[in-house]
Amino acid sequence: MHRFIESLSHGHDWRLIALAATLCVVGLSAAFWLMNRAWTWGGTRGRRPGLLAAVTAAGAVWTTHCLVMQSYVASIDAPVTYDIGLTLASFLIAIGSVGLGIAISFREDSRRMKAVGGAVGLLGVAAMHYVGLLGLRTPATLEWHPRLVALSIVVGIALAGGGGYLYRGGAARGMAHLGPADAAAILALHLLGLSAVSLTEASRAYEPGLAPEVVNTLTFAAVVGIGWAVGLAAWMNHLSRSGALKQLREAVDAMPDGLAFFDENDRLVLWNARYAEVNPELQAHLTVGLSFRNILQIGISEGRYDEAVGRETEWIEERLAARRQLSATLEQRVHGDRWLRVQDRRTAEGGVVTVTNDITDLKRDAQVLAEARDAAGAGKGAKGQVLAKMSHE
């Protein structure tokens, strides 16, 4: 514990650590969102976002690794370079292991597979980290402390696996768990792993390799790539939502019933063509933000509601009071001997869905049946009277 605290307090540039943490959370969250999209789409359509998810996650992990290493190298008072082969190997390990971990995580939508995928991915990140450490080239000699190495891996697996196990379904909620949990696991692995290394006095010849400036350039390129991937994920999300909203709008317009949706302030949000047809006096006034109270006032001014004549204010308040219930259904007679059935249903967010049907034909049919029934009843009564009279005579 003393070594870990000493390493944290004196062995790192915390500005780079904060940047690494931010990029790791953002990059992994974007990668998980892309993979969720690939898993939802499936088939050929899901291959591109799936591949992009793996590359984005690997780039985020390797960038985090490079930034943490640079924060560590900044505290070394000696020239440092990186072995080209081992640095490349660490990057390839990141791609393979992180891609495998994500693929396992999204094999099925379960907490168990998310936990297994997180643990597998973290083992690969551990391999990447320690291979990268072996690639440090400095006149000083590296000494390893096996217990801290093992502790860093165990803590990382616990955080990554635990974050996967706490996963809850749904893209937004799931990413809120997986991204930060895996980022915390990766940072814990790196910081504990670096505390497991000691640099002794210079005891060997300096070996040239990749300069820190070159690694910084590669890291910057990876950051740009992550930003591009995050932007692409956001754009795909926008297109997906726009497409879903367009399909929803088309479905609403195709409904045979008039439908309108009002927000929690009872202001109009959307409506379909049938709603305008059964409320012809509103067609010139329908606009987003129109309040339901104003809708009633427009109907009164157009002489639509005979029952409101002479008591307009009281009628509006009665109608609004009924609407404030969780659900309400009424049959309303409108000017011209037409009838509408109006059904109001309140949503969980406080909005109101209004469904309006023209039931004029039903009312007329019911009236015709009632008149026929009355006529039949009257006929039976007259027949009975005739028979009674004949019987009496």
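Residues numbered from 1 in each chain as written. Predicted model: local features only at pLDDT ≥ 70, side-chain atom pairs only at ≥ 80, totals over all residues. Heavy atoms only, no water.

Trainee: Summarise the overall build of the chain; cite the residues concerned and give the values.
Mentor: Each helix and strand counted, the chain has 12 helices and nine strands in total. Within the chain, residue pairs in contact and separated by at least 24 positions form 65% of the contacts whose partners lie at least 6 positions apart. Summing over all exposed atoms, the chain offers an accessible surface of approximately 20,700 Å²; the carbon and sulfur share of this is 62%. (Helix = DSSP H or I, 4+ residues; strand = E, 2+ residues; numbered from the N terminus. Contact = heavy atoms within 4.5 Å. Areas by Shrake-Rupley, 256 points an atom, 1.4 Å probe, with all protein chains shown as cover.)

Trainee: Can you explain the nonpolar core? Please cite residues and give values.
Mentor: One finds L28, I102 and V125 to be the most contacted residues of the largest nonpolar core, which totals 47 residues. Of all elements in the fold, only helix 2 (14-41), helix 3 (47-73), helix 4 (84-105), helix 5 (111-134), helix 6 (146-165) and helix 7 (171-195) reach the threshold of two or more residues within this core. Aside from chain neighbours lying at most four places away, what touches I102 is A31, F32, M35, A53 and A57. Counting 24 residues, the second-largest nonpolar core is a separate cluster that includes A260, Y275, A276 and I300. (Core = buried A, V, L, I, M, F, W, Y, C linked by side-chain atoms within 4.5 Å. Buried < 20%, exposed > 50% of the residue type's maximum accessible area, 1.4 Å probe, protein only.)

Trainee: So, the confidence of the model for the chain: which residues are in play, and what are the values?
Mentor: Looking at the chain as a whole, its pLDDT mean stands at 77, while 74% of the residues score no less than 70. Within the chain, the element-level pLDDT minimum falls on helix 1 (residues 2-10), averaging 52, and the maximum on strand 5 (residues 258-262), averaging 90. (pLDDT = per-residue confidence, 0-100.)

Trainee: Tell me about the packing of aromatic side chains, and please be specific about residues and values.
Mentor: Applying the stated criterion to the full structure yields three aromatic pairs. Against the face of F262 rests R323, its NZ or CZ located 4.5 Å from the ring centre. The ring of F292 has R323 sitting right over it, with the charged end atom 3.7 Å from the ring centre. (Phe/Tyr/Trp six-rings, centres within 6.5 Å; stacked < 30°, edge-to-face > 60°. Lys NZ or Arg CZ within 6 Å of the ring centre and 35° of its normal.)

Trainee: Could you give an account of the sheet that holds strand 7 (residues 327-334), naming the residues involved and the relevant values?
Mentor: Strand order in the open sheet made by the five strands is 6-5-9-8-7, with antiparallel pairing throughout. The open sheet is flanked by strand 6 (268-271) and strand 7, the only strands paired with a single partner. Taken pair by pair, the neighbouring strands of this sheet meet at an average axis angle of 20°, ignoring direction. Direction of pairing for strand 8 (residues 338-346) relative to strand 9 (residues 352-358): antiparallel, over a ladder of seven bridges. Along strand 9, the bridge assignment pairs L340 with D358. (Pairing = 2+ DSSP bridges. Axes fitted to C-alpha atoms, helices over the stretch in contact; angles between N-to-C directions.)

Trainee: Summarise the packing of helix 10 (residues 292-301) against helix 11 (residues 312-323); cite the residues concerned and give the values.
Mentor: Two quantities define a packed helix pair, namely the angle between the helix axes and the distance between the axes. Interaxial distance between helix 10 and helix 11 falls to 11 Å at its minimum, and their mutual angle equals 140°. Comparing the axis directions of helix 10 and helix 11 gives the class oblique. Here helix 10 runs over helix 11; the crossing is right-handed. Across the interface between the two elements, F292, R293, L296, Q297 and I300 of helix 10 pack against E312, W315, I316, E317, R319, L320 and R323 of helix 11. (Parallel < 35°, antiparallel > 145°, perpendicular 65-115°, else oblique. Left-handed = near helix turned anticlockwise from the far one by under 90°.)

Trainee: Kindly report on the environment of T63, identifying the contributing residues and their values.
Mentor: Tracing the sequence through the fold places T63 in helix 3. When the C-alpha positions of T63 and L19 are compared, they lie 10.0 Å apart, and in sequence the two are 44 residues distant.

Trainee: Quick one: what's the story with unusual backbone geometry, residue by residue and with numbers?
Mentor: What you tend to see is this: most non-glycine residues have negative phi, and most peptide bonds are trans. Even without a glycine there, the phi angle at D266 is positive, about 60°. Locating D266 in the fold gives a position in the loop between strand 5 and strand 6.

Trainee: Break down the pairing of strand 6 for me, with residues and values.
Mentor: Residues in a regular strand point their side chains to alternate faces of the sheet. Relative to strand 6, strand 5 is paired through three bridges, and the arrangement is antiparallel. Looking at strand 6, one finds that F261 is bridged to L270. The hairpin turn running from strand 5 into strand 6, its antiparallel successor, is five residues long, and D266 in that turn takes a positive phi close to 60°.

Trainee: Run through the side chain of H190, naming residues and quoting values.
Mentor: Along the chain, H190 turns up in helix 7. For H190, a relative accessible area of 0% corresponds to the buried category. In contact with H190, not counting residues within four places along its chain, are H65, V68, V125, M128 and H129.

Trainee: Please give an account of helix 4 that cites residues and values.
Mentor: In this model, helix 4 (22 residues) spans 32 Å end to end at C-alpha, consistent with the 32 Å of a helix rising 1.5 Å per residue. Residues T87, S90, A94, S97, V98, G99, G101, I102, I104 and S105 constitute the buried set of helix 4. For helix 4, the N-terminal capping position is held by D83, with its side-chain oxygen 3.1 Å away from the main-chain nitrogen of G85. (Expected span 1.5 Å × (residues − 1). Polar contact = N/O pair within 3.5 Å; in protein donor to acceptor, adjacent residues only side chain to side chain.)

Trainee: Hey, could you go over the pattern of salt bridges for me, with residue numbers and the actual values?
Mentor: Under the counting rule described, the total for this entry stands at nine salt bridges. We note a salt bridge from R304 to E281, for which the minimum N-O separation is 2.8 Å. With R304 in the loop between helix 10 and helix 11 and E281 in the loop between helix 9 (273-278) and helix 10, this pair connects stretches of sequence that are 23 residues apart. In this pair, the class of R304 matches that of E281, namely buried. R319 serves as the salt-bridge partner of D344, at 3.4 Å between the closest nitrogen and oxygen. Note that D344 is positioned in strand 8 and R319 in helix 11, a separation of 25 residues in sequence. According to the relative accessible area criterion, D344 is buried, its value standing at 2%. What makes R319 buried here is its relative accessible area of 7%. A cluster of three or more residues bridged by salt bridges with shared partners is formed by D266, R319, R323 and D344. (Salt bridge = Lys/Arg side-chain N within 4 Å of Asp/Glu carboxyl O.)

Trainee: Account for the environment of D344, with residues named and values stated.
Mentor: Sequence separation between D344 and F261 is 83 residues; the distance between their C-alpha atoms is 9.7 Å. At a separation of 3.4 Å, a polar atom in the side chain of D344 contacts the side chain of R319. Within the structure, the side chain of D344 is placed 2.9 Å from the side chain of T354, a separation counted as a polar contact.

Trainee: A description of the packing of helix 5 against helix 6 should follow, citing residues and the corresponding values.
Mentor: It is at 7 Å that the axes of helix 5 and helix 6 come closest, and there the two elements cross at 150°. With respect to helix 6, the axis of helix 5 lies roughly antiparallel. For the pair helix 5 and helix 6, the crossing hand works out as right-handed. Contacts from R111, K114, A115, G118, A119, L122, L123, A126 and Y130 in helix 5 reach V149, S152, I153, G156, I157, A160, G161, G164 and Y165 in helix 6.

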